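# A closer look at the structure
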Amino acid sequence: IMNRFSSLLTMTICICSFVHASLAQEQEQPEYGWKKNIVGTLNLTQVSFSNWTQGGEDAFAWQVILDNKFVNDQEKFNWATSGKFAFGKTKLGDSGFRKSIDEIKLESVLIYKLSTLINPYAAVTALTQFADGFQYPDDSTRVKVSKFLDPGYFTQSVGLAIEPTEGFKTRLGASLKETVTSDFPRLYADDPETDEIEKTRTEVGMESITDFSRSLGENMVLTCKLELFSNVKAFDEIDVNWDNLFTAKISKYVNVNFNFRLFYDRNISAKRQISQSLALGLTYTIL
């Protein structure tokens, strides 16, 4: 019960951060105050064949991505709340639509300014998905393996944050990580060494989060986020979530996006998990 309460509290803090940021008034002082950014992206891919003797299958894919960031920078503290909401599906040939991307990620970081380089911080994050997830052993079979908040990942951490230069910042601290499930505990939260089936797994360890953003040209940007978590019981088993996005701007509203993501959690799979996508899309800055 306490684990689920902690997970609910984490998501509540993130959501409240967004609400508070969206309703805040702009500050009069230009050097301090709220900075808000909401960017929406729509990616479409379509291939069609008619009497094409060389072979091929019709294909259609779509993705919607919404990136949000609200930063309240004051003289004594910096409060940054960010979110990523992504969902998309792909249809190949006569098969039905299948998920190609599905992610809900919220993060809120409060930094207390003691110096220009190293400062203490407290952070909460939440990670889950929108819709049911399936595996397809063959063309006629699908197996449900996940759904909204099943699994749900929540972390709370405190430590030190470092920002040596603009576009590069990292933080290191003690962390509490909860994995919450309901219908699929054996895949994500269960401890196989016990007779009981656990629906929640709690881990105490160390967390390292590094954000990097660099302009590679007038219209090209590389953004990377590396998240590491090590359980104090097994420092040689480090959970990794490495998300990379390369964006090339063709015109005011048209971008080419390449996303590469590497995920590793030994409790879920002994092998690393990789996803990548290349898309031409429409991008619009809402705020």
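Everything below is about the structure shown above.
Keep in mind it's a predicted model, so treat the numbers as computed, not measured.

### Notes on the pattern of salt bridges
Overall, the coordinates contain 15 salt bridges when judged by the stated rule. Ionic pairing is found between Glu 107 and Arg 171, a salt bridge with its closest N-O pair at 2.9 Å. Of this pair, Glu 107 sits in strand β4 (residues 98–112) while Arg 171 sits in strand β9 (residues 168–180), and the two are 64 residues apart along the sequence. We note that Glu 107, like Arg 171, is buried. Note that Lys 177 is salt-bridged to Asp 265, the shortest N-O span being 3.7 Å. Here the residue Lys 177 occupies a position in strand β9, and Asp 265 occupies one in the loop between β13 (254–264) and β14 (273–285), the gap between them amounting to 88 residues. You can call Lys 177 buried: its relative accessible area is 9%. Connected through shared salt-bridge partners, Lys 177, Arg 201, Glu 203, Asp 239 and Asp 265 make up one network.

### Overview of a nonpolar patch on the surface
On the surface, Leu 42, Leu 44, Phe 60, Val 64, Phe 97 and Leu 282 cluster together into a nonpolar patch covering about 500 Å² of accessible area. Taken together, the elements giving at least two residues each to the nonpolar patch come down to β1 (33–47) and β2 (59–73). As for its position among the elements, Leu 42 is in strand β1. On the accessibility criterion, Leu 42 (33% relative accessible area) is partly exposed.

Each value, and the rule that gives it
- Residues numbered from 1 in each chain as written.
- Predicted model: local features only at pLDDT ≥ 70, side-chain atom pairs only at ≥ 80, totals over all residues.
- Heavy atoms only, no water.
- Salt bridge = Lys/Arg side-chain N within 4 Å of Asp/Glu carboxyl O.
- Helix = DSSP H or I, 4+ residues; strand = E, 2+ residues; numbered from the N terminus.
- Buried < 20%, exposed > 50% of the residue type's maximum accessible area, 1.4 Å probe, protein only.
- Patch = residues over 30% accessible without salt bridge, like charges linked within 9 Å, V, L, I, M, F, W, Y side chains within 5 Å.
- Areas by Shrake-Rupley, 256 points an atom, 1.4 Å probe, with all protein chains shown as cover.

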